[in-house]
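Read off the chains here:
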Amino acid sequence: MEITYLKGVGPKKAELYKKLGIETVEQLTEYYPRGYVDFTEPKRICDTEIGETCVIRATVTHKTYPSNYGGRVLVFKALLTDGIGEITAVFFNAKYTFDKLQLNKEYLFFGKTAGDAFNLEIVSPQFVNTTENGLLPKYPLTRGLSNETVSRDMKTALGTVKRTETLPPEIIDKYNLMNADEAMRKIHFPKSREEYEKARKRLVFEELLTLKLGLSQLKKRGQTLSGAVMADVDMNIFYNSLPFTPTNAQLNAVNDCIRDMKRQFPMNRLIQGDVGSGKTMVAAAAAYFTAHNGFTTLVMAPTEVLAKQHYETFGSFLKPLGIRIGLLSGSMTAAEKKEIRAAAQHGEIDVLIGTHALIQKSVAISRLGLVIVDEQHRFGVGQRSALAEKGTDAPHILAMSATPIPRTLALIMYGDLDVSVINEMPKGRKPVKTYAVDSSFHTRVYNFIKKHIAAGKQAFIVCPRVETSENDMGDKKSAIEYYNKLTQNEFADIPTGLLYGKMKQADKDAVMNDFRDNKLKLLISTTVIEVGIDVPNAVVMLIENAEQFGLSQLHQLRGRVGRGNDESYCILMTDSKSDYTRARMDAMKQTTDGYKIAETDLRLRGPGNFFGREQSGLPTLKVADLADDAEVLSEVETLAEEILRTDAKLIRNGHEGLKSNVNRLFGNVDEFGWN
């Protein structure tokens, strides 16, 4: 039902709703509040404190309009009393709202108190009739849509739509859940905190159960396909050729891959490890195993720079052992690309490395056995599933992630994958020394960088943005302006490069290649360097406006230094004095353990910000919080296994709603092989 069906929603308002992703009445009812104003526990006026945000129950005894309507700021005042104390409600430029207040009528007011003990005020308060003494929803908005408008339209929509039950009665009874329609209504307009909790529990339970069922289906689906079944290979030849001794964690991860690739169905495995833990060696070992079984490996990198880096790294591991490596790069000539594609088609390349975009251009691979995917592709579960069907025999898939993720989230985020964790660092790797300072240290930090460059080393300076915007107050460093300033002043005599995401790929590649070749001594960059760039000679990183970055992102950036044998340093510069910033900087100084940092990041920021808006390929969740709802997650994991054990395709009577939910959340029924 189109949203214009609702009374009061015309074409113009419908366009505003469309900006929020809402085009139907049903979508509106599933646009859940981001928070609430709690009107259930009003305070007496005499019990309030200056600067406190609170609710009071009071009657309007007097209204004062501004005497001069020609002023820029119009101040409207209403005297309120609860029979014991008095307070003045102050409204600025809000005549329409102020006019709604009726003399001698009692309301509930929500706002922040100000003034002093003799002239107490509540500034720009929200108010509702005393009959609306529940939790007032606060919705995410867009310009032109007020919270009052969305709330009014929501009430109309809820009077129009009835939500169909999708959970079987036995599940509702067993877990003491609200029915679907009641939960939908009460999540928007709960009368109490308890009512809200019950409504939310129902919606979270359903959403996480749906997510788990879908991920389990994808995982089981992969196990019904016949992969490139492989046999044992003597891996000691590979291990003995390495210039270092692999860690036990690396060896265990390789053994996990080999065990998977010897099965009748394809491997679908994630190698998860902290920055510098040696994931590439594990991937190279898997490629060696694949080549000696007569199959080809594809290595998919997110950028051309990283593809070339992989080409060199894989080559250093595998070329001495006779493994043939090929690179498919955007900067190659048409003739060179044609030659590489022909070689891949005729089985003359054992490991082909390139970007995701290049490899998808109908590259025919002879006996494709293994696909290695870098995490920065942000492959979603659907894309991983589709990739599993390339070739005559579905290839094995090995994903690599350098983003440490707390176990609770990994269970969901990579629910369709088996996970190997590399939780040891190679011997000899020195932890990066980390410091947090304010901008008064700029000169000292610049001199510190110059000292290391003079000693033959290199350095990074990371800025939070590319250029200054109109809304910027000038306190956030812009990479372009910073580059112009430093190259004309402090670093005028030092070869310096500039790198940011919107540069042409050829220009980015040129800068990065010059930095890797030590032609550039200093690189001023945005977070584009976060993506796996490996320059062992870089030993100092300065991160400007460090408060602008998430903890896990700071950790990833820091991982770009300390990749050689030299002592390395990361300097976090911030003028923020907030407790939140201090806690984050302290975490960075205290540990280089990515998993501990990830746990802190999750605790401080929550999973929505932890993963970013796209949640790294996960279907978007509307209600559930993957961190806070860990207990529910544990319940639905067990339940999903029970359901699928007896009804793998969700075709049993009573499971139609579950199947419908999975199709809606994942957006493509074909992924599950149900038809």
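About the criteria used
- Residues numbered from 1 in each chain as written.
- Predicted model: local features only at pLDDT ≥ 70, side-chain atom pairs only at ≥ 80, totals over all residues.
- Heavy atoms only, no water.
- Core = buried A, V, L, I, M, F, W, Y, C linked by side-chain atoms within 4.5 Å.
- Buried < 20%, exposed > 50% of the residue type's maximum accessible area, 1.4 Å probe, protein only.
- Helix = DSSP H or I, 4+ residues; strand = E, 2+ residues; numbered from the N terminus.
- Contact = heavy atoms within 4.5 Å.
- Pairing = 2+ DSSP bridges.
- Axes fitted to C-alpha atoms, helices over the stretch in contact; angles between N-to-C directions.
- Polar contact = N/O pair within 3.5 Å; in protein donor to acceptor, adjacent residues only side chain to side chain.

### Some thoughts on the nonpolar core
Turning to step 1, where the next piece is worked out: In terms of nonpolar packing, the biggest core is built from 52 residues, with Ile-449, Leu-522, Ile-529, Leu-542, Ile-543 and Leu-554 touching the most fellow members.
Turning to step 2, where the next piece is worked out: The greatest single-element share of this core, amounting to 6 residues, is contributed by strand β19 (residues 538-543).
Turning to step 3, where the next piece is worked out: Residue contacts for Leu-554: discarding those within four places in its chain leaves Ile-543, Ala-546, Phe-549, Leu-572, Met-585 and Met-588.
Turning to step 4, where the next piece is worked out: Ranked by size, the runner-up nonpolar core spans 42 residues in total, among them Met-230, Cys-257, Tyr-288 and Leu-398.

### So, unusual backbone geometry
The general pattern is negative phi for most residues beyond glycine and trans for most peptide bonds.
Turning to step 1, where the next piece is worked out: A positive phi angle is found at Ser-124, which is not glycine, with a value near 45°.
Turning to step 2, where the next piece is worked out: Within the secondary structure, Ser-124 is located in strand β6 (residues 119-129).
Turning to step 3, where the next piece is worked out: Judged by its relative accessible area of 42%, Ser-124 is partly exposed.
Turning to step 4, where the next piece is worked out: One non-glycine residue with positive phi stands out, namely Asn-518, at about 70°.

### Notes on the sheet that holds β19
Turning to step 1, where the next piece is worked out: Spatial strand order, β15-β20-β19-β16-β18-β17: 6 strands in an open sheet with parallel pairing. Whereas interior strands pair on both sides, the edge strands pair on one side only; in this sheet they are β15 (433-437) and β17 (496-499). Between one strand axis and the next, the sheet turns by 15° as a mean value, whatever way the strands run.
Turning to step 2, where the next piece is worked out: Pairing geometry for β15 and strand β20 (residues 569-573), over 5 bridges, is parallel. Pairing of Ala-436 across the sheet is with Leu-572, part of β20.
Turning to step 3, where the next piece is worked out: In the packing of helix α16 (residues 442-454) onto the sheet, the strands contacted are β16 (458-462), β18 (522-525), β19 and β20, and the crossing angle to β19 comes to about 165°.
Turning to step 4, where the next piece is worked out: In this fold helix α17 (residues 479-488) packs onto β16, β17, β18 and β19, with an angle of close to 170° to the strand it touches most, β17.

### So, the environment of Thr-81
Turning to step 1, where the next piece is worked out: With respect to the element layout, Thr-81 can be found in strand β3 (residues 75-81).
Turning to step 2, where the next piece is worked out: It is 9.5 Å that separates the C-alpha atoms of Thr-81 and Ile-56, two residues lying 25 residues apart in sequence.
Turning to step 3, where the next piece is worked out: Ignoring sequence-local partners within four residues, the contact set of Thr-81 consists of Ile-45, Ala-58, Thr-59, Thr-61 and Glu-86.
Turning to step 4, where the next piece is worked out: A polar side-chain atom of Thr-81 sits 3.0 Å from the main-chain amide nitrogen of Gly-83.

Read these as layout, nothing more, since geometry by itself doesn't imply function.
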